[in-house]
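# Residue-level structure breakdown
What follows is each chain in one-letter form.
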Protein chains: 2
Amino acid sequence: MQDNEVLYMGIDGGGTKCRVRIESADGRLLGCGIGGTANPSHGMKIVIDSILDATDMALAEANLGGERIKDLVVGAGLAGLHLPTYFSAVAGWQHPFRQLYLSDDLEVANLGAHGGGDGAVIIVGTGFSSVAMVGNHKRVIGGHGFLMGERCSGSWIGHQAVQVALLDQDGLGPKTRLTDLLEAKFNGRGAMLANALVGFAAKDFAAIAPLVFEAAALKDEVANKILDNSAQFVAQVAKLLLESKPPRLCLVGSIAERLSDRLEPHIAKAVVPLMEQPESGAIYLARNEFSNTMAANRKP
Amino acid sequence: MQDNEVLYMGIDGGGTKCRVRIESADGRLLGCGIGGTANPSHGMKIVIDSILDATDMALAEANLGGERIKDLVVGAGLAGLHLPTYFSAVAGWQHPFRQLYLSDDLEVANLGAHGGGDGAVIIVGTGFSSVAMVGNHKRVIGGHGFLMGERCSGSWIGHQAVQVALLDQDGLGPKTRLTDLLEAKFNGRGAMLANALVGFAAKDFAAIAPLVFEAAALKDEVANKILDNSAQFVAQVAKLLLESKPPRLCLVGSIAERLSDRLEPHIAKAVVPLMEQPESGAIYLARNEFSNTMAANRKP
């Protein structure tokens, strides 16, 4: 084996975007890339397209030829991969890499957030999941998927926005600016709005979440209540994770920062910044697993 | 045209089942049939299969040969058909009937409930929708589809059951018997439960609703709260519909009766029994539309 040929790539696959990072064997950053969702709930074709798009971009930025894809030792943390249905779908992929080590977005976010060490993370992006890793102790909360036992993710917030707008229009709920904001975005209200949302997936609802932050900034009470409830839910999760005494606790994901302004002060104080991004955490995964593979191969 | 050849068929297409009824031109019941869901949100193949299965069954019960399908003048009220996306999908069907007149499940439920006359209905089955028809006045509330601005349907109740069980298991919500009931039904909890529910549609969640009634009967507080909230929502809808002064108000659908026990007394008092089932309402639609078609054809 020629060690100098090995390249490491980390993939952070979220519900809306996937981000990749390529490093040399000695840890220099060579290139980064970005692609669409790599959550297998949207289907394997999308996962593969998103990962390969992001890989092409990163190889190009690194001034490496496309044929070097076969030298990539890849760690991938993908949303939804803790569910056996999705894990087996991705594990069956005839990928073009030298090695592909799979995990979920939670493990790589945690590895990145704490520089490869112990700690806890709460992901609030398109979806929600969380974990505390302390030695051999692992506590996972959430991560059940779109609209499944969670009340804080971008997709949940976007879905709530649609509900309150439809209830408002039907005279069954309080008035909210979200009604007009959604009407403007989807060119319709009531049945026409519902019609525009037929077939909407988690990432599509997450794309509505910015309207809730917009309405909240305009002092809309309904929008502020949705966001306060979300922050309260995140605080409740944080309290449970802190019971495991993680040395660090981070919030990760596209709406983490905007929600953290609404956390109770003593929870907000417990939250520390990320050391590295999840795609760097995925490189820890790739390096650890590859050295285990190599060690196993060296055994007589 | 030989009038004696004409047969009338009514279709009530709900989110879980479709029911059909065939009558002779002079109004005698000839046969009934039942098939799977005819809600186009599940795809056109399922709609066509469900309708044709139910039609075959009804023709057989009527001792009519399968070739008589071409003599059927059909009125169909299908869930979801008020949404343009679904209406145009079904309107494109190269059906085998003499005529097919399309409407939504709400219109045929209302026609049936009030013997072809004015009135209001609230459908609480797999989905939720409601209407008050008084002369030329029509007020529709709800009917936006699965988890869209409604808080009372079977699918919503089943979905709530999953949420409260997952929150309970994660330590984020109150204890409930639904956790054990769902674990027993799906052979798993937490991530395994979420995994079992991947790809679940409205009718699949509606199939969970009976567990909520079961838990409520065992005095489970969480289950009772879900059902009380649902009944309260139905009452709120009823109050809005009664503003239109409909001569009659009916509750229709698979969980209508079980929810009506929980309505506030003055709302419960306003609710009267159905005159006829929705599939009979669909026959009113077929007869009315066919006589209009015939009248138009007779014009010079």
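Before any of the text, the structure's been laid out above.
The sections below set out a description of the structure shown in this document. (Residues numbered from 1 in each chain as written. Chains lettered and ligands numbered in written order. Predicted model: local features only at pLDDT ≥ 70, side-chain atom pairs only at ≥ 80, totals over all residues. Heavy atoms only, no water.)

### Here we look at the overall build of chain A
Secondary structure summary: chain A contains twelve helices and nine strands in total. A compact globule built from 300 residues should have a C-alpha radius of gyration of about 19 Å, and chain A, at 21 Å, falls within 12% of that. Considered along the principal axes of its C-alpha atoms, chain A spans approximately 75 × 40 × 35 Å. With 300 residues in all, chain A has 54% of them scored as buried. The contacts in chain A between residues at least 6 apart in sequence include a share of 65% that link residues at least 24 apart. Separation between the mean location of the 27 positive side-chain charges and that of the 32 negative ones in chain A comes to 3 Å. (Helix = DSSP H or I, 4+ residues; strand = E, 2+ residues; numbered from the N terminus. Rg over C-alpha atoms; globule rule 2.2 N^0.38 Å. Buried < 20%, exposed > 50% of the residue type's maximum accessible area, 1.4 Å probe, protein only. Contact = heavy atoms within 4.5 Å. Lys, Arg positive; Asp, Glu negative; His and termini not counted. Charge placed at Lys NZ, Arg CZ, Asp CG, Glu CD.)

### Things to note about the interface of chain B and chain A
Taken together, the contact between chain B and chain A spans 35 residues of the former and 35 residues of the latter. Interface area for chain B against chain A, summed over the two sides, is near 2,900 Å², with a carbon-plus-sulfur share of 63%. Our enumeration of links across chain B and chain A arrives at zero salt bridges. Seen at the junction of chain B and chain A, the total is 14 residue pairs in polar contact (both at pLDDT 80 or more). Of all the secondary-structure elements, those providing two or more residues to the side of chain B that touches chain A are helix H2 (84-91), strand E8 (137-142), helix H4 (154-169), helix H6 (191-196) and helix H9 (221-242) of chain B. Looking at the side of chain B that touches chain A element by element, the count peaks at five residues for H4(B). Among the residues making up the side of chain B that touches chain A, the classes are represented as 20 nonpolar, eleven polar and four charged. (Buried area = accessible area lost by both parts, 1.4 Å probe. Salt bridge = Lys/Arg side-chain N within 4 Å of Asp/Glu carboxyl O. Polar contact = N/O pair within 3.5 Å; in protein donor to acceptor, adjacent residues only side chain to side chain. Nonpolar A, V, L, I, M, F, W, Y, C, P; charged D, E, K, R; others polar.)

### Some words on H9(B)
The terminal C-alpha atoms of H9(B), which comprises 22 residues, lie 31 Å apart, in line with the 32 Å expected from a rise of 1.5 Å per residue. Two or three places before B:Val222, at the opening of H9(B), B:Asp220 has a side-chain oxygen 3.4 Å from that residue's backbone nitrogen. (Expected span 1.5 Å × (residues − 1).)

### With respect to the packing of aromatic side chains
All chains considered together, the criterion is met by twelve aromatic pairs over all chains. An aromatic cluster of at least three residues, connected via ring pairs, comprises A:Phe146, A:Phe186, A:Phe200 and A:Phe205. Over the face of the ring belonging to A:Phe213 we find A:Arg258, whose NZ or CZ atom lies 4.5 Å from the ring centre. We note B:Arg287 situated over the ring of B:Tyr8; from NZ or CZ to the ring centre the distance is 4.4 Å. (Phe/Tyr/Trp six-rings, centres within 6.5 Å; stacked < 30°, edge-to-face > 60°. Lys NZ or Arg CZ within 6 Å of the ring centre and 35° of its normal.)

### Here's the deal with the side chain of A:His42
Examined against the element boundaries, A:His42 turns out to sit in the loop between strand E3 (29-35) and helix H1 (44-61). Those residues within four positions of A:His42 in sequence are excluded, and the remaining contacts are A:Gly15, A:Thr37, A:Ala201, A:Ala202 and A:Lys203.

### Notes on empty space enclosed by the protein
All names here are of chain A. This structure, assessed with the given rule, holds two cavities of 30 Å³ or more. Computed from the structure, the largest cavity encloses a volume of approximately 50 Å³. Considering the residues around the largest cavity, the lining is formed by Asp104, Leu106, Glu107, Val131, Met133, Lys138 and Val140. Of all the elements in the fold, those that place two or more residues in the lining of the largest cavity are helix H3 (105-113), strand E7 (128-134) and strand E8 (137-142). Among the residues making up the lining of the largest cavity, the classes are represented as four nonpolar, no polar and three charged. (1 Å grid on protein atoms, 1.4 Å probe; cavity = no way out; pocket = protein on both sides within 12 Å on 5 of 7 lines; lining within 4 Å. Points joined across faces, edges and corners; volume = space filled by probe spheres on them.)

### Quick word on the state of the cysteines
All names here are of chain B. Throughout the structure, instances matching the rule amount to zero disulfides over all chains. Note on Cys32: no disulfide assigned, nearest cysteine sulfur contributed by Cys18 at a separation of 12 Å. On the basis of relative accessible area, Cys32 is assigned to the partly exposed category, the value being 28%. Looking at Cys250, it has no disulfide partner, and the nearest cysteine sulfur is the one in Cys152, 16 Å off. (Disulfide = S-S within 2.5 Å.)

### Here's the deal with the pairing of E8(B)
Residue and element names in this part refer to chain B. Sheet topology places strand E7 (residues 128-134) next to E8; six bridges connect them, and they run antiparallel. In the strand pairing of E8, Val131 is matched with Val140. Here E7 folds back onto E8 in antiparallel fashion, the turn holding two residues, of which Gly135 has a positive phi close to 60°. (Pairing = 2+ DSSP bridges.)

### Comments concerning the relation of the copies chain B and chain A
For the pair chain B and chain A, the superposition axis carries a translation of 0.0 Å, the fit reaches an RMSD of 0.0 Å, and the rotation angle comes to 180°. Viewed as a symmetry operation, the transformation between the two copies matches a two-fold axis. Among all C-alpha atoms of chain B, that of B:Leu147 lies closest to the rotation axis, at 4.9 Å. A symmetric contact is evident, with 100% of the interface residues of chain B recurring at the interface of chain A. (Least-squares fit on C-alpha atoms with pLDDT ≥ 70 in both.)

### Things to note about the pairing of strand E2 (residues 18-24) of chain A
Residue and element names in this part refer to chain A. Where burial is concerned, most of E2 is hidden: six out of the seven residues are buried. One ladder, built from seven bridges, connects strand E1 (residues 7-13) with E2; its direction is antiparallel. Bridged to Leu7 within E2 is Ser24. The antiparallel pairing of E2 with E3 creates a hairpin that spans four residues between the two strands, and Gly27 there sits at a positive phi of about 90°.

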